[in-house]
Amino acid sequence: MSSLAIGMVGKALKRNIPLSVQLDLTYRCNERCIHCYLDHNDHGEMTTAEIKDLLDQMADAGVFYLTLSGGEILTRRDFFGILEHARLRTFCIKLKTNGVLIRKLEADRIKTLGVESVQISIYSHRHEVHDAITKRPGSLRRSIEAVRLLREQGLHVIMANVLMSQNVNDYRGVRELAGELGAQFIVDPTITPMMDGDRSILDLNVDEAALQEVFRNEALVGNVEEFCTPPQGADEDALDMLPCSAGHTACYVSPYGDVYPCVQFPLPSGNVRRTKFADIWRDSPQLKEVRSITLRDMPSCSRCIHGGTCTRCPGLAYLEGNMRGPSVQDCEKSYARTGIASENLKSKKAAALTVPILQLVQIQIQGSGPSAPRLSSDVSGSVPEVRVTC
């Protein structure tokens, strides 16, 4: 991040300005990715007029960075009208798309409208793998063609690779392909639970060995020794740190006008169809609660040796049951990165060891004669409670 951007974030934080917003225009999509966390049915998307009015409200509130995403943004026939209006309000715009609907005409217009960057999801350099993930034959070919067309226009293109069990060995191939096309490459090892709380898609997550391999790849993380250095715990300054930008300088708006701290933090905080965007940002009790939380307020994380360096996502923690608690997914990443278990993982291990021991004692008692001692209620109650927030 440049010094100018850092300065903007600092001023936005001090003045309570929503510097960055992700606006999903639709949840409808022409792909059916196996890891997607969205409901693709249309339950009443905002109209063109509603979205343009929202863009005006966001500009007046101080929003500068605007990400237009979905679903697939180009499935909306009014997409370019919305994009043109957003540029009139001088947002710095990033698009997230699968690229399948981008042809030369669309690439030309995206360039003309001055979009800052376009992110396209590429799950593998192999057609059979990528297309199996999207469930759309020919989707890799179309997405790669979109990358080429956009690069021919001189646009900044990001090829995003979500790591999962189906493509765990393909990120190197995608990175090489990005290099050949002149695109930036990013890899994301996080599978996000469904927005309705369904966690079944987390079975797609890669295992510990795969995470360790990624975290020790210098091309991806830079200085491996520095990236994987053992943590030293949180000092006083770290205890007062904010978890992330969600709700502080950034938020997310759904196609239905619902406002959340972040796309990965689905805590309902208001709806722009009923309340002005600026009023939600300023007065929402939910956003105020999110802003009140520091590392010091997190019982488990504040004691954890990873406290000062963990990439803990409060949204993932919320989806696991407690936004003030740890996120198992982030604990696992910290362990894969450093080889040192977090307080949360230690507690889970202790809980896993405790339960079988109790079961074994009960079986032994049940199998003995009538004169055998009974397991009293205060003995079973003396086992320390282990609260698992995941």
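Please read these numbers as outputs of a predicted model, since none were measured by experiment.

## Focus: helix H4 (residues 104-112)
Three- or four-residue spacings in an α-helix give side chains the same orientation, since the helix completes a turn every 3.6 residues.
Then, number 1: Looking at H4, one finds that the buried residues are Glu106, Ala107 and Ile110. One side of H4 carries all its buried residues, which in axial view fall inside an arc of 100°. Relative to its buried face, H4 has exposed residues pointing more than 90 degrees away, namely Lys104, Leu105 and Thr112.
Then, number 2: Looking at the buried side of H4, the elements it contacts are helix H3 (79-88), strand E3 (92-97), strand E4 (117-121) and helix H6 (139-152).
Then, number 3: Glycine 114, located one to two residues past H4, shows a positive phi value of around 70°.

## Considering the confidence of the model for the chain
Then, number 1: Confidence along the chain averages 89 in pLDDT terms, with 91% of residues attaining 70 or more.
Then, number 2: A low-confidence stretch, residues 360-390 (pLDDT under 50), is modelled with 16 contacts involving residues beyond four sequence positions or located in other chains.

## A look at the environment of glutamate 84
Then, number 1: With respect to the secondary-structure elements, glutamate 84 resides in helix H3.
Then, number 2: The exposure class of glutamate 84 is partly exposed, given its relative accessible area of 36%.
Then, number 3: For the pair formed by glutamate 84 and alanine 351, sequence separation is 267 residues and the distance between their alpha carbons is 55 Å.
Then, number 4: Other than its neighbours up to four places away in sequence, glutamate 84 contacts Arg109 and Leu113.

## Considerations on the nonpolar core
Then, number 1: Membership of the largest hydrophobic core comes to 62 residues, with the highest contact counts inside it found for Leu23, Met58, Leu95, Met159 and Phe277.
Then, number 2: Once residues lying within four places of it in the same chain are set aside, the contact partners of leucine 95 are Leu68, Ile73, Phe79, Leu83, Ile110, Val115, Ser117, Val118 and Gln119.

## With respect to helix H15 (residues 328-338)
Then, number 1: H15 sits mainly inside the fold: nine of its eleven residues count as buried.
Then, number 2: Those residues of H15 that sit buried are Val328, Gln329, Asp330, Cys331, Lys333, Ser334, Ala336, Arg337 and Thr338.
Then, number 3: A positive phi of about 80° marks glycine 339, the residue just after H15.

## Considering the packing of aromatic side chains
Then, number 1: Tallying each qualifying case throughout the model produces six aromatic pairs.
Then, number 2: Note on tyrosine 27 and tyrosine 256: the rings are 5.6 Å apart at their centroids and 85° apart in plane angle, and the pair reads as edge-to-face. Placement of the pair is tyrosine 27 in the loop between strand E1 (20-24) and helix H2 (48-61) and tyrosine 256 in the loop between strand E7 (250-253) and strand E8 (259-260), with a sequence separation of 229 residues.
Then, number 3: Here tyrosine 27 falls in the buried class, since its relative accessible area comes to 7%.
Then, number 4: Both rings, one in phenylalanine 265 and one in tyrosine 318, keep their centres 5.5 Å apart while their planes meet at 45°; by these two values the pair is tilted. Linking phenylalanine 265 in the loop between E8 and helix H12 (277-283) with tyrosine 318 in helix H14 (residues 314-319), this pair joins segments that are 53 residues apart in sequence.
Then, number 5: Note on tyrosine 318: relative accessible area 27%, which makes it partly exposed.
Then, number 6: A cation over a ring is seen here: arginine 291 above tryptophan 281, with NZ or CZ 4.5 Å from the ring centre.

Calculation criteria
Residues numbered from 1 in each chain as written. Predicted model: local features only at pLDDT ≥ 70, side-chain atom pairs only at ≥ 80, totals over all residues. Heavy atoms only, no water. Buried < 20%, exposed > 50% of the residue type's maximum accessible area, 1.4 Å probe, protein only. Helix = DSSP H or I, 4+ residues; strand = E, 2+ residues; numbered from the N terminus. Arc of directions from axis to C-beta. Contact = heavy atoms within 4.5 Å. pLDDT = per-residue confidence, 0-100. Core = buried A, V, L, I, M, F, W, Y, C linked by side-chain atoms within 4.5 Å. Phe/Tyr/Trp six-rings, centres within 6.5 Å; stacked < 30°, edge-to-face > 60°. Lys NZ or Arg CZ within 6 Å of the ring centre and 35° of its normal.

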